[in-house]
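Overview (structure and organization)
Letter by letter, the chains look like this.
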Amino acid sequence: MRLTDISIQKLKPTEKQVVYYDDQLANFGLRVGKRCKTFVVKVGKNRSIKSIGQYPSTSLKNARIKAKTLLLDTYSTLPNT
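Residues numbered from 1 in each chain as written. Predicted model: local features only at pLDDT ≥ 70, side-chain atom pairs only at ≥ 80, totals over all residues. Heavy atoms only, no water.

Observations regarding the confidence of the model for the chain
Counting all residues, the mean pLDDT for the chain is 91, and 91% of those residues have values of 70 or more. The least confident element of the chain is helix H2 (residues 60-76), whose mean pLDDT is 89; the most confident is strand S2 (residues 28-32), at 97. (pLDDT = per-residue confidence, 0-100. Helix = DSSP H or I, 4+ residues; strand = E, 2+ residues; numbered from the N terminus.)

What to know about the side chain of Thr38
Within the secondary structure layout, Thr38 lies in strand S3 (residues 37-43). Taking the relative accessible area as the measure of exposure, Thr38 reaches 8% and is therefore buried. When neighbours within four sequence positions are excluded, Thr38 is seen to be in contact with Gly29, Leu30, Arg31, Ser51, Gly53 and Gln54. (Buried < 20%, exposed > 50% of the residue type's maximum accessible area, 1.4 Å probe, protein only. Contact = heavy atoms within 4.5 Å.)

As for the sheet that holds strand S4 (residues 48-55)
Read across the open sheet, the four strands follow the order S1-S2-S3-S4; overall the sheet is antiparallel. Strands with a single pairing partner mark the edges of an open sheet, and in this sheet they are strand S1 (18-21) and S4. Geometrically, the sheet is characterised by an average inter-axis angle of 30 degrees between neighbouring strands, direction not taken into account. Both S1 and S2 contribute to a ladder of four bridges, which runs antiparallel. (Pairing = 2+ DSSP bridges. Axes fitted to C-alpha atoms, helices over the stretch in contact; angles between N-to-C directions.)

Here's the deal with the pairing of S2
In the case of a regular strand, side chains alternate between the two sheet surfaces. Summarising burial for S2: four of the five residues are buried, a large majority. The hairpin formed by S1 and S2 contains six residues between the paired strands, and Asn27 there has a positive phi angle of roughly 70 degrees. Both S2 and S3 contribute to a ladder of five bridges, which runs antiparallel. In the strand pairing of S3, Gly29 is matched with Val40. Turn length for the S2-S3 hairpin, with the two strands adjacent in sequence and antiparallel, is four residues.

Pasting the structure below:
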């Protein structure tokens, strides 16, 4: 799914949490639950999920920047194999 402000606004709350991953930035997505929408990113060797911020208090643009920073920091510290 391509995450845009319009596509995020159209997403309805769900009983169970659902993560929609972005087509443009790997490992970046939006977790939608009953009460909130939270930007998330998968990082590290174990692919743990980190919360970046809640929509709309964190904008999509700022969430992408934070995700890119986290991804770069994580993968730059991995040892070469």
